[in-house]
Amino acid sequence: MKWFGRPNQPVNSGASMENATLQSIYQHCTTLNPRKIIKQSIQEARFVVIDTETTGFHAYSNDEIVSIAMIELIGLEQTGQQFKTLINPGRSIPESSTKIHGITDDDVVGAPKLSEKLPDIMAFIDSAVLIGHHVNFDIRFINKRLQKLVGCSLQNPWVDTMLLYLELSGKM
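Here's what I pulled together on the structure shown here. Please read these numbers as outputs of a predicted model, since none were measured by experiment.

What follows deals with the sheet that holds strand S6 (residues 129-132). Strand order in the open sheet formed by five strands is S5-S4-S3-S6-S7, and the pairing between neighbours is mixed. With one partner strand each, in any of the chains shown, strand S5 (77-86) and strand S7 (158-160) form the two edges of the open sheet. Within the sheet, the average angular offset between the axes of one strand and its neighbour, ignoring direction, is 20 degrees. By the bridge criterion, seven bridges tie strand S4 (residues 65-74) to S5 in an arrangement that is antiparallel. Bridge assignment links isoleucine 68 to a residue of S5, and that residue is threonine 85. Running over the sheet, helix H6 (residues 135-150) touches strand S3 (46-54), S4, S6 and S7 and is turned about 75 degrees from S3. Together, S6 and S7 form the strand contacts of helix H7 (residues 161-169), whose direction differs from that of S7 by roughly 50 degrees.

The structure is reproduced here in structure tokens:
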């Protein structure tokens, strides 16, 4: 699947259902207004806590996501909505990575590829503020696939809990 086009003018050579799904993802990336989101009060804001597990640390050097988990909060209260799935990375999971997260090649053999789950992931994220520990790591892996499929990236504001920890602990 190739996706070519200038900003706001994507052209896809895929089937119409797939095209509509990719167009929807593209529209999400290009129309989301982060400034509007960050003007909300914390009590009104929608947050998505996100965590990924990967084959390694390098999004742009052949490493891939092997699982993604997200939970939703409105304000600071959990809503009970969650999303989690294993992802088939299309490559073997190094033993060194399995030692960190416990996910093996056998675990992901029948799992969907990230491109198959991306519409569900984007729908869950929607216009939420993303929260995570080293969240740029997670965002980088998602953006790699978004760039490849539709030529755009997440525009959602984010909060990195590691940076919060460092600031609050005086280590920053």
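What follows picks up the thread again.
For the rest of this paragraph, the subject is the packing of helix H5 (residues 114-125) against H6. H6 packs onto H5 with a crossing angle of 105 degrees between their chain directions and a minimal axis gap of 11 Å. With respect to their mutual orientation, H5 and H6 come out roughly perpendicular. Across the interface between the two elements, Leu114, Ser115, Leu118 and Met122 of H5 pack against Phe141, Ile142, Arg145, Leu146 and Leu149 of H6. Across the contact of H5 with H6, the residue classes break down as seven nonpolar, one polar and one charged.

What follows is about the side chain of threonine 54. If you trace the backbone, threonine 54 turns up in strand S3. A polar contact is formed between the side chain of threonine 54 and the backbone oxygen of glycine 56, at a distance of 2.4 Å.

It is worth spelling out the nonpolar core at this point. Counting residues in each nonpolar core, the largest one holds 30 residues, and the members touching the most others are Met70, Ile142, Leu146, Val150 and Leu154. Take this core: its biggest share by element is eight residues, from H6. Of all hydrophobic cores here, the second largest spans seven residues; its members include Leu32, Phe47, Val129 and Ile131.

Rules used throughout
Residues numbered from 1 in each chain as written. Predicted model: local features only at pLDDT ≥ 70, side-chain atom pairs only at ≥ 80, totals over all residues. Heavy atoms only, no water. Pairing = 2+ DSSP bridges. Helix = DSSP H or I, 4+ residues; strand = E, 2+ residues; numbered from the N terminus. Axes fitted to C-alpha atoms, helices over the stretch in contact; angles between N-to-C directions. Contact = heavy atoms within 4.5 Å. Parallel < 35°, antiparallel > 145°, perpendicular 65-115°, else oblique. Nonpolar A, V, L, I, M, F, W, Y, C, P; charged D, E, K, R; others polar. Polar contact = N/O pair within 3.5 Å; in protein donor to acceptor, adjacent residues only side chain to side chain. Core = buried A, V, L, I, M, F, W, Y, C linked by side-chain atoms within 4.5 Å. Buried < 20%, exposed > 50% of the residue type's maximum accessible area, 1.4 Å probe, protein only.

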